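Each chain, letter by letter, is given below.
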Protein chains: 2
Amino acid sequence: MAPLPPPPTIGVFDSGFGGLTVLRALLPLKTYANYIYLGDTARLPYGSKSRDTIARYAVSSAKFLHEQGAELLVVACNTATALALEDIRQALPIPVIGVVEPGAHAALNQANHTARDKSSVILSEAQNLSISSEQHPTPTTPQVLVLATQATVQSHAYTRALHALNLEAHEKACPLLVPLVEEGWIDHPVTDEVLRIYLTEALHETPNATTLLLGCTHYPLLEPAIRRTLGTLNHQLHIIDSAQATARAVASHFDNTTHSPDLTAPGCLFYATDSIEKFERLGSAFLGRPVTGVRHVDLGG
Amino acid sequence: MAPLPPPPTIGVFDSGFGGLTVLRALLPLKTYANYIYLGDTARLPYGSKSRDTIARYAVSSAKFLHEQGAELLVVACNTATALALEDIRQALPIPVIGVVEPGAHAALNQANHTARDKSSVILSEAQNLSISSEQHPTPTTPQVLVLATQATVQSHAYTRALHALNLEAHEKACPLLVPLVEEGWIDHPVTDEVLRIYLTEALHETPNATTLLLGCTHYPLLEPAIRRTLGTLNHQLHIIDSAQATARAVASHFDNTTHSPDLTAPGCLFYATDSIEKFERLGSAFLGRPVTGVRHVDLGG
């Protein structure tokens, strides 16, 4: 039997801890790999800054991971993907996968699934009422509600990606959600109230939305709170998590290669541009397992 | 009559917009001056970062203002004062005034004032009850409650400054207040609820506090909400605003000089390391008047 090729090295980067939700989704999907994660914590958050500043930070972070041996880069940060994906692709000679396109495609799959369900209901109702198929109501374009940071919303990256898939998009900036997650108020009445305000405002604009896309890697930690809040608003939405969708896109990138699954746990190396101690402490909540051995790196600034 | 000397150039710096509350308090006190303000918005917030990172950012910001002609530097940022005042003083050949010491001294003045009021009440009660002055209850050390960012609290700079003045201190980190101010939720039930939670926790630790020190330059915008919340908690505290105290310290620095008051408005030049447009928009709320003509400066990072 031919020896296995060496496992690929996958670089994953975010402005902070949120991208660990992408790594968390990736680990069980692509076990035969080495991972290098960079949290650019000295310069976070990207979400409230300008395009030029975000692009400068993101490109230097991406170059660092390439220098460390990454053969594929995952931009596990919605803001950096939305504002700097092209800058990063031009700066690196390796494949770069962002979180926006996988999220948009997952929304499309969900919308098609919902439409099939609806059309079978309509067909069965039509058969019952003896209405010919030509008279079926024309299905409206599915609406996707995107929750994201200020900078991601202002870039309209999700709107462009969803429009390209013939989906309607409404983007809602939710600046308080990241600070609430970082305060640890995941399951807290204040967070529920903030979500109620944001979701009520957003659903007022898009009452026919069927899909909710979590356009920030911090938000998966709020998924139970979001479901609870939608329940109190009597509004059901299919929730799409860009982190999960991105992990699937990365795993499928390797589908045609010869890498075999490995029974050992994948290797993870962590870098942070600010405090190692804080990264280890907060990071564990996002990764869902202990984050240890974090190394400090100074990228300037 | 001898011609007036040229007005002094005062540099004021903060990680973002909050320091504009110090400039706002300074403008009417020291009109015969030119001001240069730097908001290091590309690297904000400092409050959640490590000492080394904050010191590096603060020193480069301070050096920039000195290069622009500042003859006195105001570190209008609690986090930078708490963690990097000595680094800045060592890096610059000009006087440097931070916000912590003026805030602590204002708390002492308030405590002495309260103690005088109390002792006159005790004295009059003693006279009514014919108790001799030797039997008066010993006054306890005044307790000061300090609200601040995570980094300021962890530095314990306020505790050291207050202890040096024989005041007891209890510091409470309030990580959500800056994001709430920046979301514009100054007068909002969610902010009142967050304040209720933070203040209840803090007052549980220091039930005898008489003074509340606002240890972050964003917090003066929440003063009405803080007063309202203390009212609902049936707890009266004297509120000390470090911004006001710092402005008085800067103005008194020039008291012995020959500068005369000027009838013209002082000149203000603004620099920001991130988006000019955002600085002009958000800055106006903190300065209480339009912020225009902001220039961009790249300090690296």
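The rules behind each value
- Residues numbered from 1 in each chain as written.
- Chains lettered and ligands numbered in written order.
- Predicted model: local features only at pLDDT ≥ 70, side-chain atom pairs only at ≥ 80, totals over all residues.
- Least-squares fit on C-alpha atoms with pLDDT ≥ 70 in both.
- Contact = placed C-beta atoms within 7 Å.
- Axes fitted to C-alpha atoms, helices over the stretch in contact; angles between N-to-C directions.
- Helix = DSSP H or I, 4+ residues; strand = E, 2+ residues; numbered from the N terminus.
- Parallel < 35°, antiparallel > 145°, perpendicular 65-115°, else oblique.
- Nonpolar A, V, L, I, M, F, W, Y, C, P; charged D, E, K, R; others polar.
- Pairing = 2+ DSSP bridges.
- Domains from an automatic or database assignment.
- Core = buried A, V, L, I, M, F, W, Y, C linked by C-beta atoms within 7 Å.
- Buried ≥ 20, exposed ≤ 12 C-beta atoms within 10 Å, placed from the backbone.
- Left-handed = near helix turned anticlockwise from the far one by under 90°.
- Expected span 1.5 Å × (residues − 1).
- Arc of directions from axis to C-beta.

S.K.: Give me the relation of the copies chain B and chain A: which residues, what numbers.
M.R.: Mapping chain B onto chain A calls for a screw motion: a turn of 180 degrees about the axis and a shift of 0.0 Å along it, with 0.0 Å RMSD after fitting. Such a combination of rotation and displacement between the chain copies is what one expects of a two-fold axis. Comparing contact sets, 94% of the residues at the interface of chain B also lie at the interface in chain A, consistent with an isologous, same-surface contact.

S.K.: Let's hear about the packing of helix 8 (residues 189-205) of chain A against helix 8 (residues 189-205) of chain B: which residues, and what values?
M.R.: At a minimum axis separation of 10 Å, helix 8 of chain A and helix 8 of chain B run at an interaxial angle of 170 degrees. On the basis of their axis angle, the class for helix 8 of chain A and helix 8 of chain B is roughly antiparallel. Seen from helix 8 of chain A, the contacting residues are A:V190, A:E193 and A:V194; seen from helix 8 of chain B, they are B:V190, B:E193 and B:V194. Looking at side-chain class alone, the contact of helix 8 of chain A with helix 8 of chain B contains 4 nonpolar, no polar and 2 charged residues.

S.K.: Explain the sheet that holds strand 8 (residues 238-241) of chain B to me, using residue names and the numbers behind them.
M.R.: Residues and elements named next belong to chain B. Strand order across the open sheet formed by 4 strands is 6-5-7-8, with parallel pairing between neighbours. The open sheet terminates on both sides in strands that have one partner only, identified here as strand 6 (168-173) and strand 8. Between one strand axis and the next, the sheet turns through 25 degrees on average, direction left out of account. As judged from the 4 bridges shared by strand 5 (residues 143-148) and strand 7 (residues 211-214), these two strands associate in the parallel manner. Each bridged residue has a counterpart across the sheet, and for L147 the counterpart in strand 7 is L214. Sheet strands touched by helix 8: strand 5 and strand 6. Its angle to strand 6, the strand with the most contacts, is close to 150 degrees.

S.K.: How would you summarise the interface of chain B and chain A if you had to cite specific residues and measurements?
M.R.: Facing the 18 residues of chain B at the interface are 17 residues of chain A. The set of elements that each furnish at least two residues to the side of chain B that touches chain A consists of helix 7 (177-182) and helix 8 of chain B. Tallied by class, the residues present in the side of chain B that touches chain A amount to 7 nonpolar, 5 polar and 6 charged.

S.K.: I'd like a description of the domain arrangement of chain A, backed by residues and values.
M.R.: All names here are of chain A. Domain annotation of chain A identifies domain 1 (9-98 + 246-296) and domain 2 (101-242). Listed by partner, the interface residues are 22 residues for domain 1 and 16 residues for domain 2. At the level of elements, helix 1 (20-26), helix 3 (78-91) and helix 10 (242-253) are the ones that each hand at least two residues to the side of domain 1 that touches domain 2. For the side of domain 1 that touches domain 2, the leading source of residues is helix 3, giving 5 residues. Tallied by class, residues from the side of domain 1 that touches domain 2 come to 9 nonpolar, 10 polar and 3 charged.

S.K.: Could you give me a rundown of the sheet that holds strand 4 (residues 96-97) of chain A, with the residues and numbers involved?
M.R.: All names here are of chain A. Pairing within the open sheet is parallel, and its 6 strands lie in the order 4-3-1-2-9-10. The open sheet is flanked by strand 4 and strand 10 (295-296), the only strands paired with a single partner. Pairing geometry for strand 1 (residues 9-14) and strand 2 (residues 34-39), over 6 bridges, is parallel. Looking at strand 2, one finds that I10 is bridged to Y35.

S.K.: Report on the pairing of strand 9 (residues 267-272) of chain A, specifying residues and quantitative values.
M.R.: All names here are of chain A. Of the pairings in the sheet, the one linking strand 2 to strand 9 comprises 6 bridges and is parallel in character. Each residue of the ladder has a partner; that of Y35, found in strand 9, is C268. By the bridge criterion, 2 bridges tie strand 9 to strand 10 in an arrangement that is parallel. Paired with A272 across the strands is H296, a residue of strand 10.

S.K.: Describe the nonpolar core, naming the residues involved and giving the relevant values.
M.R.: Within the largest apolar cluster, 180 residues are counted, with the highest numbers of intra-cluster contacts made by A:V75 and B:V75. Discounting chain neighbours no more than four positions away, the residues touching B:V75 are B:F13, B:A80, B:T81, B:L85, B:I88, B:V96, B:G98 and B:V99.

S.K.: Explain the packing of helix 8 of chain B against helix 9 (residues 223-232) of chain B to me, and be specific about the residues and the numbers.
M.R.: Any two packed helices are characterised by how steeply their axes cross, that is the angle between the axes, and by the distance between the axes. All names here are of chain B. For the pair helix 8 and helix 9, the least separation of the axes is 9 Å and the interaxial angle reads 60 degrees. On the basis of their axis angle, the class for helix 8 and helix 9 is oblique. In this structure, the crossing between helix 8 and helix 9 has a hand that is right-handed. On helix 9, the residues touching T191, D192, L195, R196 and L199 of helix 8 are A225, I226, R228, T229, L230 and T232. Counted by class, the contact of helix 8 with helix 9 contains 5 nonpolar, 3 polar and 3 charged residues.

S.K.: Got a sec to walk through unusual backbone geometry? Specific residues and values, please.
M.R.: In this structure, the amide linkage connecting A:L44 to the following residue, A:P45, adopts the cis form with an omega of -10 degrees. Mapped onto the secondary structure, A:P45 falls in the loop between strand 2 and helix 2 (51-67). The phi dihedral of A:N166 falls on the positive side, at around 60 degrees, and the residue is not glycine. For A:N166, the location among the structural elements is in the loop between helix 6 (157-163) and strand 6 (168-173). Owing to 10 C-beta atoms within 10 Å, A:N166 belongs among the exposed residues under this scheme. At B:N234, a position not held by glycine, the phi torsion is positive, near 55 degrees. For B:N234, the location among the structural elements is in the loop between helix 9 and strand 8.

S.K.: Can you tell me about helix 10 (residues 242-253) of chain B, naming the residues and giving the values?
M.R.: When the terminal C-alpha atoms of helix 10 of chain B are compared, their 16 Å separation across 12 residues agrees well with the 16 Å that a helix rising 1.5 Å per residue should span. Taken as a whole, helix 10 of chain B has its buried residues at B:S242, B:A243, B:Q244, B:A245, B:T246, B:A247 and B:V250.

S.K.: Now, about helix 8 of chain A: what can you tell me, with residues and values included?
M.R.: Look at helix 8 of chain A: 24 Å from first C-alpha to last across 17 residues, which is about the 24 Å you get at 1.5 Å a residue. Residues of helix 8 of chain A that are buried: A:T191, A:V194, A:L195, A:L199 and A:A202. Viewed end-on, helix 8 of chain A has its buried residues packed into an arc of 125 degrees, placing them on one side of the element. Turned more than 90 degrees from where helix 8 of chain A packs its buried face, A:P189, A:T200, A:E201 and A:H204 sit exposed. Among the structural elements, strand 5 (143-148), strand 6, helix 7 (177-182) and helix 9 (223-232) of chain A together with helix 8 of chain B are those in contact with the buried residues of helix 8 of chain A.

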